[in-house]
Each structure stands twice: as structure tokens, then as C-alpha cells.
Amino acid sequence: DEMSSKPFVLLVPSPGMGHLIPFLELANCLVAHHNFQATVVVVSSNTSPAQSQAIQSATTPKLFDIIELPPLDTTSSQVNAAGSVFTQLPAIMLEARSSLRSAISAMKLKPAAMIVDLFGISVLPVADEFQMLKYVRVSCAWPLALLLYAPILDKEVEGEYLDQKEPLKIPGCKPVRPEDVVKPMMNRKDPEYESFIRIGSEIGVMSDGILVNTWEDLEPTSLKAMREDPEWKQILKVPVYTFGPMIRPGGSSSPRGEVLGWLDMQPNASVIYISFGSGGVLSADQITEMAWGLEFSSQRFIWVVHPPSKDGDKGNDISAYLPQGFMARTHDKGLVVTTWAPQMEILAHSSVGGFLSHCGWNSSLESIMNGVPMITWPLYAEQKMVATMLVEELKVAIRSKVLPAKRVVGREEIEMMVRMIVEEKEGDEMRGRAKELKKSGETALSEGGSSFNTLSELAKLCEINTQRQKVGST
Ligand code: UDP
């Protein structure tokens, strides 16, 4: 019948909203633009309201199926161990293996391929049992190169990476400044480092390919290196595919709500938007400096701010952490948002002139795809590498003299950076470059573009594999 002739792919993200949402988007895109059939498998020990809502909105209209695996037995010490995503999530995925196997067994039609994220490599052997193709989805290419090359650095580099005097060399790629290394490489004695190295060495062996949410013209150097550099031929034996920029659809939102309604009344490209993603928080001191910096800059702003993590001893009311009178004095210039902000709609709004961002990959793509220049404020994960890329290679962002993760950035510097992005020529130039990148991203996604072609190729590979599975099962 019609259904069974479509390439059928199973998407298995690791637990957490940040991992689930991009897979829901990918499923939507595969079905809507590439004639796939898709099922997303939700692995989690408890379903949060936010998660239900994300699923609800990604499946309206309903283009693909969702299967929720039964809650996991979380008594296993590995799963319960406090720790980083790199130690916890792979353990959870390992636990989910048998229920995933049962779920696939129960499917009348067998999927041709399985797509997991970095933390789900341990479930790929289940795909093997059903003769499925196996792909790993990652965010961007340069940090991927570091991950894949880390097992070699592990042998070659002595002492902590942070203490190295020279940048870390990765064949064919931009070297990585020691202070920019990803979070799991910051302490070689931490168990998450071991897990990171293991994942780095397993992807290229256990999968049939890596799917990267980037596009050819955004990261040409790293992509070319991983595919063509003779040294890489020894390290990476599977293809690296690009399918991005895949971001959540924005659309115009109505009712407008407080934030968008306010933006509607501001002049063109006059507002700086400040946000640190779903998990980023500043210290109490940094919140104070940010507030003064914004006020001194006299620019309009939308600031998504949450109580500080460690030194937040004044409760949950954000005004307790802001300089006295700040809200009243900046009343006509800015908005302080303490809940979830409609980021896509904000960045798409013509009144927004800049984005002070923690450089999560989604935020970075959303900014570029709306032609908005950035002030980089990396905090953790691979954000420091992304920040460096945005500033030094793509030239769509500026940054503070010293990394915000290292010390508090002072009010004068914040004031200067905000003015530079919103008011001055540098900002206009960066806006121009961001708009060029936006165009090249759109080209990659449109019919015949590199990312479009990747997903068409994936469809073909799935179709071929479906034939192979049929032969295998008779
Ligand atoms: N986001 C949002 N409102 C907020 C904070 C975040 O809509 O108040 C969205 C943002 O648009 C992006 C995602 O959450 O799509 C954050 O992803 P990113 O990779 O930038 O950072 P992470 O949260 O993973 O650190």
C-alpha cells in the first residue's frame, strides 16, 4: 500500500526537551519535504508538562507517530548517579534498549533506519538486530571534529587541555584554543571525560553516517577536512552529511502577547535581545553588571533573566537581584522577562537589532537565519567553540575581552558591546554578513540545495535498505 512504499525512519532522541525538540523538527521535515514515514520514540522516566506541550505542537498537524516507551527502572545505580549528561544519558539509553527492541518487534512494518543523538549510540546494536541503517545526529561540524579527534588527543596530549600553551591541532580544521574546549574535556579525571572519549571513538565505527545540523557553506573547512584530509581517512570511515539549518518554525504569533506587542512599538533594529538558552544562568554579580551595562547603553532591550544559580540567596523574585530602581528607570526602554520567551518570534521581529546569546547551537542558527548580529556570551557545553566560530570565521558577532565563564564582565564593556551592535557601523556590517549567511542557508535547504540533497539521498538509502531487509527476512 501507499504507506509501506515510503522510506520509514525511527528517530530515538535521548531524554530532555533540548534533545527531543530537534528530533520532532527533523521528523516533521522528513515527512513534509522528503516523503518519509517517521516515528519518534520518546525515552524518559517521567513526562513533563513542557514535554507534552512540545509533542503536542510538533504533531499538529500530525505528520508522524510518537511512541512513548514504558517508564524506565531507574533503580540502576548508573542511571541514578548524579553527573553530567555524558555519564547519565548513555546509561539511561542503555536501560531503554530492551523496551526499544520490544517496540520495534511489535511494528508490522520495520523501519529502514534509526537516528539517535550522541547519547544514544548504545542503542544502535538494536538497529543491527533489525538490519536497520544507523545514523547519529549532531549539531555542528567543528565541535564534531573535536569529538571525533579527542581519542587521538587523549593519547598525544599530556596534562589538562586547559593548561596547554598551544591551541589543540585537529587535522585540516581550525585549531581549538585550550580555553575553548568543550565542557567534558575540561577535567580529564571526571568520568564524563571518559564517556566523551568513548563516544568519540564509537560514532565512526557503530554508525552508517553522521547527520549534522549545519550546511556546506557555513562550515566548509571542518567538513572538507573530515571528508578529505588523509589523516581523517584513518579516523572516520563513515560519511558526514549536512542537513541544516534546521530550526523551529517561527511564524507570526497571535495573540501578540506582552513581548511581541511591545516590540511592535519599537523602532527598526533598535532592540538588543538577551537570553542564555534553556539552562544558562548568570552569577549574582554578573546580573548586576549586566543591568548597569544595559542601563548605561541607553539602548532598548528584552532581557530573559533567571535567579542566579549558586549565590542566589535572595529567593526567586528577580527584582531582588537587580540594582535598586532598575526596573523603574528602564521602564520605557526595556522589558525584563522571567519566563520562557517566544525566541523565534523575537528574533524574526524587525525591531530586534542584536542578540546577546550563550551561543547554544539552536540560538546561533536562529539568530543567523533571521539576519541578527550577536554578542557572544558562551557558558558551557560547546558554546565557546561556537562563539569563536561566530566571531572569527563567520564575523557575525563580537565578544568580551575575557570569556564570561572565566570572570565577571564589567558594565562598561557590556555598555560598549551593546552600543556597537545596535548603534554603530560594525553592527550594520555584521547584520549584512548575517543576511548573506541566511541566504546561503536558505539555498542549502531549498530543492537542489546541499542539505535538501542530503535528505533525498537518505531517502534513497532507506529505500534500498528496505529491499535488503525484505530479502533478509525471507
Ligand atoms: N528558547 C526559547 N525561549 C527561551 C529560551 C530558549 O524559545 O526563553 C529556545 C530557543 O529559541 C532555542 C532553544 O530554546 O530554540 C535553546 O536551544 P539552544 O541550542 O540555543 O540552547 P540550550 O538551551 O540547548 O542551551
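Residues numbered from 1 in each chain as written. Predicted model: local features only at pLDDT ≥ 70, side-chain atom pairs only at ≥ 80, totals over all residues.

Draft legend 1. Main features of the sheet that holds strand S7 (residues 240-242). Strands sit in the order S3-S2-S1-S4-S5-S6-S7 across an open sheet of 7 strands; the sheet is parallel. The strands lining the two open edges of the sheet, one partner per strand, are strand S3 (65-68) and S7. Averaged over all neighbouring strand pairs, the angle between strand axes comes to 25°, with direction disregarded. Direction of pairing for strand S2 (residues 37-42) relative to S3: parallel, over a ladder of 4 bridges. If you follow valine 41 over to S3, its bridge partner there is isoleucine 67. (Pairing = 2+ DSSP bridges. Helix = DSSP H or I, 4+ residues; strand = E, 2+ residues; numbered from the N terminus. Axes fitted to C-alpha atoms, helices over the stretch in contact; angles between N-to-C directions.)

Draft legend 2. Expanded view of the sheet that holds strand S10 (residues 334-337). Pairing is parallel across the open sheet formed by 6 strands, whose spatial order is S10-S9-S8-S11-S12-S13. Taken across any chain shown, the strands that pair with only one partner, and hence form the sheet edges, are S10 and strand S13 (397-399). Neighbour-to-neighbour, the strand axes of this sheet turn through a mean angle of 15°, independent of strand direction. The pairing of strand S9 (residues 300-304) with S10 spans 4 bridges and is classified as parallel. Within S10, the position partnered with valine 304 by the bridge is valine 337. Here helix H16 (residues 383-393) sits on the sheet in contact with strand S12 (374-376) and S13, set at roughly 115° to S13. (Contact = placed C-beta atoms within 7 Å.)

Draft legend 3. Seen up close, the packing of helix H7 (residues 141-156) against helix H8 (residues 191-206). Orientation of H7 relative to H8, taken along the N-to-C sense of each, is 120°, at an axis distance of 7 Å. One way to sum up the angle between H7 and H8 is to call them oblique. Considering the relative orientation of H7 and H8, their crossing is left-handed. From H7, Leu147, Leu148, Ala150, Pro151 and Asp154 reach across to H8, where they touch Phe196, Ile197, Ile199, Gly200, Ser201, Ile203 and Gly204. Residues that form the contact of H7 with H8 fall into these classes: 8 nonpolar, 3 polar and 1 charged. (Parallel < 35°, antiparallel > 145°, perpendicular 65-115°, else oblique. Left-handed = near helix turned anticlockwise from the far one by under 90°. Nonpolar A, V, L, I, M, F, W, Y, C, P; charged D, E, K, R; others polar.)

Draft legend 4. Fine view of the site of the ligand. Neighbouring the ligand are 16 residues; Gly277, Gln343, Gly360, Asn362 and Ser363 lie closest to it. Among the secondary structure elements, those contributing two or more residues to the shell around the ligand are helix H14 (343-348) and helix H15 (361-368). In terms of residue count, the dominant contributor to the shell around the ligand is H15 (4 residues). Residues that form the shell around the ligand fall into these classes: 5 nonpolar, 9 polar and 2 charged. (Near = placed C-beta within 6 Å.)

Draft legend 5. Molecular detail of the packing of helix H4 (residues 85-95) against H8. Running from N to C, H4 and H8 point in directions that differ by 60°, and their axes come no closer than 8 Å. Considered as vectors, H4 and H8 are oriented oblique to each other. Note on element contacts: H8 touches H4 through Pro191, Glu192, Ser195 and Phe196, opposite Phe86, Thr87 and Pro90. Here the residues of the contact of H4 with H8 sort into 4 nonpolar, 2 polar and 1 charged.

Draft legend 6. Region of the structure containing the environment of arginine 177. Relative to the helices and strands, arginine 177 is located in the loop between H7 and H8. Under the C-beta neighbour-count criterion, arginine 177 is labelled partly exposed, with 16 such atoms within 10 Å. Not counting chain neighbours up to four residues away, the residues in contact with arginine 177 comprise Pro167 and Thr388. (Buried ≥ 20, exposed ≤ 12 C-beta atoms within 10 Å, placed from the backbone.)

Draft legend 7. Main features of unusual backbone geometry. With an omega dihedral of -5°, the bond running from threonine 60 to proline 61 counts as a cis peptide bond. Phi angles above zero are rare outside glycine, and serine 298 is one such case at about 55°. Looking at where serine 298 falls in the secondary structure, it is placed in the loop between helix H12 (284-297) and S9. For serine 298, a count of 13 C-beta atoms within 10 Å corresponds to the partly exposed category. Phi is positive for lysine 395, which is not a glycine, with a value near 55°.

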